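Here is what each chain is made of, one letter per residue.
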Amino acid sequence: MKALIFAAGKGTRLKPFTDHHPKALAKVNEIPLLERNINYLKSFGIKDFVINIHHFGEQIVDFLNKNNNFGCKIEISDETNELLETGGGLIFARKFLDHGEDFLILNADILTDLNINALVEYHKKIKDFATLAVSDRESSRKLLFNDDMVLRGWLNVQTGEQRLAEFNKGFRALAFSGIHCINPVIFEKIKRTGKFSVMEEYLDLMQTEHIHGFVHDSILIDVGRPSSIIEAEKHFK
């Protein structure tokens with residue numbers, strides 16, 4: 001199975017480090033996030049990667065070259081000309097991913113011990129085009145699921161704003177973990193072009209399609225701020 005790692009973002013919350021480096025090379029206990037996530041996925045037998053780059057992208061390419069791609073096959077989806085966000089980045093990387101096989105997406109700034117095999121098995125069992133890893137944790141935005149764990153809405157916890165596919169019948173609010181398992185038929189379903197968030201597409205597609213959530217209770221840290229690096233270092237040695 002291939003994995004797309006999103007490593008293109010500017011990482012503004014990680015300033016001043018990201019004034020001179022890509023956030024994917026921020027270190028937790030002296031090991032860069034990108035290296036940690038490559039080795040994390042390798043532990044589940046995944047050795048075929050697509051990595052998108054934009055902000056100081058040449059540093060990521062140099063880092064991979066110096067480490068012989070960590071013994072993996074790595075293709076670079078180069079967004080140097082324009083940062084395309086998660087949806088645009090997915091479409092831009094289509095030529096690497098649209099080969100009939102399911103693939104994973106992982107944000108480079110997420111650290112977790114989620115069992116990837118369990119996520120993939122669940123995804124293959126329900127046969128959706130997209131399965132989103134979610135957990136019950138603090139987040140300013142939540143996804144809303146019905147009793148069958150089908151995506152039915154989105155909630156901004158701070159403002160109370162909701163986007164719903166139907167009346168909220170006590171939906172379960174869970175935080176997206178930045179990890180999804182995808183079938184390439186998604187490329188036929190996405191309507192947007194250019195720069196956009198894949199979550200916007202999911203919220204449109206939930207009106208007509210089944211998108212399931214996979215609930216996990218694993219450690220998951222969004223290493224987006226200097227304070228979260230300190231937290232991550234307690235869990236990831």
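The structure presented is a predicted model; accordingly, all values stated were derived computationally and were not measured.

A look at the overall build of the chain
So, point 1. Counting its regular elements, the chain contains 8 helices and 14 strands.
So, point 2. Relative to the compact-globule value of 18 Å for 237 residues, the chain shows a C-alpha radius of gyration of 17 Å, a close match.
So, point 3. Principal axes of the C-alpha set define a box for the chain whose edges measure 50 × 40 × 35 Å.
So, point 4. Restricting the contact set of the chain to residue pairs at least 6 apart, pairs at least 24 apart contribute 73%.
So, point 5. Accessible area of the chain: about 11200 Å², with a carbon and sulfur share of 48%.
So, point 6. Side chains of the chain carry 30 positive and 33 negative charges; the gap between the two charge centres is 1 Å.

Some thoughts on the nonpolar core
Side chains of nonpolar character tend, in soluble globular proteins, to be buried together.
So, point 1. Ranked by size, the top nonpolar core spans 64 residues in total, and within it Ile-38, Leu-41, Ile-51, Leu-90, Ile-116 and Tyr-202 carry the most contacts.
So, point 2. Sorting elements by how many residues they give to this core places helix H7 (residues 198-205) first, with 5 residues.
So, point 3. If sequence neighbours within four positions are ignored, Ile-116 has contacts with Tyr-40, Leu-41, Phe-44, Ile-46, Leu-104 and Ile-179.
So, point 4. Ranked by size, the runner-up nonpolar core spans 10 residues in total, among them Val-28, Leu-111, Ile-221 and Ala-232.

Quick word on the UniProt feature "domain: Nucleotidyl transferase" (unreviewed entry) in the chain
So, point 1. The sites that UniProt annotates as "domain: Nucleotidyl transferase" (unreviewed entry) are residues 2-138.
So, point 2. With 31% helix and 26% strand, the stretch residues 2-138 has end C-alpha atoms that lie 30 Å from each other.

Side note on helix H1 (residues 33-42)
So, point 1. With respect to burial, H1 is a largely interior element, 8 of its 10 residues being buried.
So, point 2. Of the positions making up H1, those classed as buried are Leu-33, Leu-34, Glu-35, Arg-36, Asn-37, Ile-38, Tyr-40 and Leu-41.

Comments concerning unusual backbone geometry
Peptide bonds are trans in most cases, and residues, glycine excluded, mostly fall at negative phi.
So, point 1. Of note, the bond from Lys-15 into Pro-16 is cis; its omega dihedral lies within 30 degrees of zero at 5°.
So, point 2. Within the secondary structure, Pro-16 is located in the loop between strand E1 (2-6) and strand E2 (27-28).
So, point 3. One non-glycine residue, Glu-30, lies in the positive phi region at around 70°.
So, point 4. Inspection of the secondary structure puts Glu-30 in the loop between E2 and strand E3 (31-32).
So, point 5. Positive phi values are uncommon outside glycine, yet Phe-70 reaches one of about 55°.
So, point 6. On the secondary structure map, Phe-70 appears in the loop between helix H2 (57-66) and strand E5 (73-78).

Remarks on the pattern of salt bridges
So, point 1. Under the counting rule described, the total for this entry stands at 16 salt bridges.
So, point 2. Between Lys-23 and Asp-109 there is a salt bridge, with its nearest N and O atoms 3.0 Å apart. Of this pair, Lys-23 sits in the loop between E1 and E2 while Asp-109 sits in the loop between strand E6 (103-107) and strand E7 (110-112), placing them 86 residues apart in sequence. Like Asp-109, Lys-23 is buried.
So, point 3. Across the pair Arg-192 and Asp-204 runs a salt bridge whose closest N-O atoms are separated by 2.9 Å. With a gap of 12 residues between them, Arg-192 in the loop between helix H6 (186-189) and H7 and Asp-204 in helix H7 connect regions that are remote in the sequence.

Cut-offs applied
Residues numbered from 1 in each chain as written. Predicted model: local features only at pLDDT ≥ 70, side-chain atom pairs only at ≥ 80, totals over all residues. Heavy atoms only, no water. Helix = DSSP H or I, 4+ residues; strand = E, 2+ residues; numbered from the N terminus. Rg over C-alpha atoms; globule rule 2.2 N^0.38 Å. Contact = heavy atoms within 4.5 Å. Areas by Shrake-Rupley, 256 points an atom, 1.4 Å probe, with all protein chains shown as cover. Lys, Arg positive; Asp, Glu negative; His and termini not counted. Charge placed at Lys NZ, Arg CZ, Asp CG, Glu CD. Core = buried A, V, L, I, M, F, W, Y, C linked by side-chain atoms within 4.5 Å. Buried < 20%, exposed > 50% of the residue type's maximum accessible area, 1.4 Å probe, protein only. UniProt positions renumbered as here; feature names shortened; annotations may be inferred. Salt bridge = Lys/Arg side-chain N within 4 Å of Asp/Glu carboxyl O.

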